[in-house]
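Structural overview
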Amino acid sequence: MTRIYLDHGATTPLNMGVRTAMSAVLDSEFGNPSSLHAEGRRAKDVIDAARETLSAKLGCLFAEVLFTSGGTEAANLAILGTALKNHDGSRKTILLGSSEHHCVINTAETLTTLGFRVEWIPVNSDARINLDAFRSMLSDEVLLVSCMHANNELGSINPIREIADLSHDCGALLHTDAVQTFHAPGMDWTVTDLDADLVTLSAHKIYGPKGVGAIYTRAGVILKPLVTGGGQEREMRGGTENVASIAGFAAAVRAHRANPDLIRQARDRFLAKLVEIGAIVTLSNMQSVLSGHAHVRFPGIDAETVLIVLDRMGVSASSGAACSSGSVEPSHVLLACGYDADVARQGLRFTFGRDATIAQANEAASRVATAISQIQSHRSK
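The following paragraphs examine the structure supplied in this document. Since we're looking at a predicted model, the values are computed, not measured. (Residues numbered from 1 in each chain as written. Predicted model: local features only at pLDDT ≥ 70, side-chain atom pairs only at ≥ 80, totals over all residues. Heavy atoms only, no water.)

As a further point, take unusual backbone geometry. The backbone of A127 sits at a positive phi, close to 65°, despite the residue not being glycine. Inspection of the secondary structure puts A127 in the loop between β4 (117-121) and α6 (131-137). We note that S288 has phi near 55°; this positive angle belongs to a residue other than glycine. Mapped onto the elements of the fold, S288 is located in the loop between β9 (280-281) and β10 (293-297). (Helix = DSSP H or I, 4+ residues; strand = E, 2+ residues; numbered from the N terminus.)

Our next topic: the sheet that holds β10. As summarised here, the arrangement of the 3 strands in space is β9-β10-β14, forming an open sheet in which the pairing is antiparallel. Edge positions in the sheet fall to β9 and β14 (348-351), since each of these pairs with one other strand and no more. Bridge count between β9 and β10: 2 bridges; the pairing is antiparallel. Looking across to β10, one finds that I280 is bridged to R297. Set on the sheet, helix α11 (residues 260-276) makes contact with β9, β10 and β14; between it and β10 the angle comes to about 10°. (Pairing = 2+ DSSP bridges. Contact = heavy atoms within 4.5 Å. Axes fitted to C-alpha atoms, helices over the stretch in contact; angles between N-to-C directions.)

Here the focus is the side chain of S202. The topology assignment puts S202 in strand β7 (residues 198-202). In this structure S202 touches G71, V179, V212, G213 and F249, once residues within four positions along its chain are discounted.

With that settled, consider the pattern of salt bridges. Per the counting criterion, the structure on display carries 20 salt bridges. Measuring nitrogen to oxygen at the nearest pair gives 3.6 Å for the salt bridge that ties D188 to K57. Of this pair, D188 sits in the loop between β6 (173-177) and α8 (191-194) while K57 sits in helix α2 (residues 38-58), and the two are 131 residues apart along the sequence. We classify D188 as exposed; its relative accessible area is 67%. We classify K57 as partly exposed; its relative accessible area is 23%. One network of salt bridges, in which partners are shared, links R117, E119 and E141. (Salt bridge = Lys/Arg side-chain N within 4 Å of Asp/Glu carboxyl O. Buried < 20%, exposed > 50% of the residue type's maximum accessible area, 1.4 Å probe, protein only.)

For the rest of this paragraph, the subject is the nonpolar core. Core analysis: the biggest nonpolar cluster contains 65 residues, and L201 and F249 have the highest contact counts within it. Top element by residues in this core is helix α10 (residues 243-255). It accounts for 9 residues. The contacts of L201, once residues within four sequence positions are left out, are L54, L58, G70, G71, A178, V179, F182, W189, G213, A214 and F249. Listed in part, the 31 residues of the second largest apolar core include L271, A294, L310 and A317. (Core = buried A, V, L, I, M, F, W, Y, C linked by side-chain atoms within 4.5 Å.)

Burial analysis of β6 places 4 of its 5 residues in the buried class, which makes it a mostly covered element. Examined bridge by bridge, strand β5 (residues 142-146) and β6 share 3 bridges and lie parallel to one another. Looking across to β6, one finds that V145 is bridged to L174. Read from β5 through helix α7 (residues 160-169) to β6, the crossover connection turns out right-handed. In this structure, β6 lies alongside β7, joined through 3 bridges in parallel fashion. Across the sheet, the residue bridging to T176 is V199, located in β7. (Right-handed = clockwise from strand over helix to strand, strands pointing away.)

Two numbers describe how α11 lies on helix α15 (residues 358-380): the axes approach to 8 Å, and their chain directions differ by 25°. Between α11 and α15, the interaxial angle falls into the category roughly parallel. You can see that α11 and α15 cross each other, and the crossing is right-handed. Every residue of α15 that contacts α11 at Q265, A266, R269, F270, K273 and L274 is listed here: I358, A361, N362, A364, A365 and V368. Of the residues in the contact of α11 with α15, the class split is 8 nonpolar, 2 polar and 2 charged. (Parallel < 35°, antiparallel > 145°, perpendicular 65-115°, else oblique. Left-handed = near helix turned anticlockwise from the far one by under 90°. Nonpolar A, V, L, I, M, F, W, Y, C, P; charged D, E, K, R; others polar.)

As a further point, take the sheet that holds strand β3 (residues 93-97). Read from one edge to the other, the open sheet built from 7 strands follows the order β2-β8-β7-β6-β5-β3-β4, with strand pairing classed as mixed. Whereas interior strands pair on both sides, the edge strands pair on one side only; in this sheet they are β2 (65-68) and β4. Direction aside, the axes of adjacent strands within the sheet are offset by 20° on average. Pairing analysis gives 4 bridges linking β3 to β5, with the strands arranged parallel. Directly across from L96, in β5, lies its bridge partner S146. On the sheet, α2 packs against β2, β7 and β8 (213-217) and is oriented at approximately 120° with respect to β2. The sheet strands contacting helix α3 (residues 71-85) are β2, β3, β5, β6, β7 and β8, and the helix crosses β7 at an angle near 160°.

Laid out in structure tokens, this is it:
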């Protein structure tokens, strides 16, 4: 049985061109990019070329791109680096979206320890920022706002430019986690379009390697490094750079190809077939949603049960839940959207990739139907 991979929102397969680019660096450019000798200079040239590729794609200055170990470190650097740099200022409030990725949510404890007041921005049932509530939370005490460009579970897209305007009107900085939207099919934006001060990215969501990410830091925004010990990355992120993975990130940007219309058609066919067998589509409005995201639930059936059966049937999918001690916790995103804990345990995320087809969607839906039928039959005995 051919496996069907529908978890591209979690990670994507490595592009063959990316593998080739990384292999070339691993084979020949072993030098330390901070060294002055020829080997070091060649390694530094690889990083510079990659930085040029990303800055061109983002529409920003060369020096505004910093490389990190991934999206999580980038988000931590954006939020905690801003807080540490402005620790002695008068702005002591930081606003975080209540349905953010855990790499943002989990900075709250450290921020509180540093003396900041963390407030949670409410979201609607589609995990989009409640703009009216957000406006009421803004004041001259707010240092930073963190709001993701698109929700990683539901795929719903936030109006980041409007959020940026509101943040800047009160003098606050804006960070946006753009891991799900950078180079995503149908998402063609630059940092000018978003107008965020800090934008965080990850390579493995765009068919690049795991373990490398980047942060756009608007010129003039200074972060206190979380990793010290060297002057790398404009002295805001110490440590010898992962040269091969950085080259792979750039290669993934250059090699990217996808047809968002075909992906959306496959996703929509899949959703339509699931609705026929009793699925409830989570989003009330499928406009302004990433083309490959499909989020559903089957009432009364926990996501964990469905995922285990689907894996045996050759379908890879996910939920928004984190496994802990053998049990699946309710999705914090669905809880933030207003669902109760039982419903929040039912959410299933299927994310289609660039090679999605109608045939794949039909076959995947057929296997889901069989899985649900088996689960219901077992429970009725």
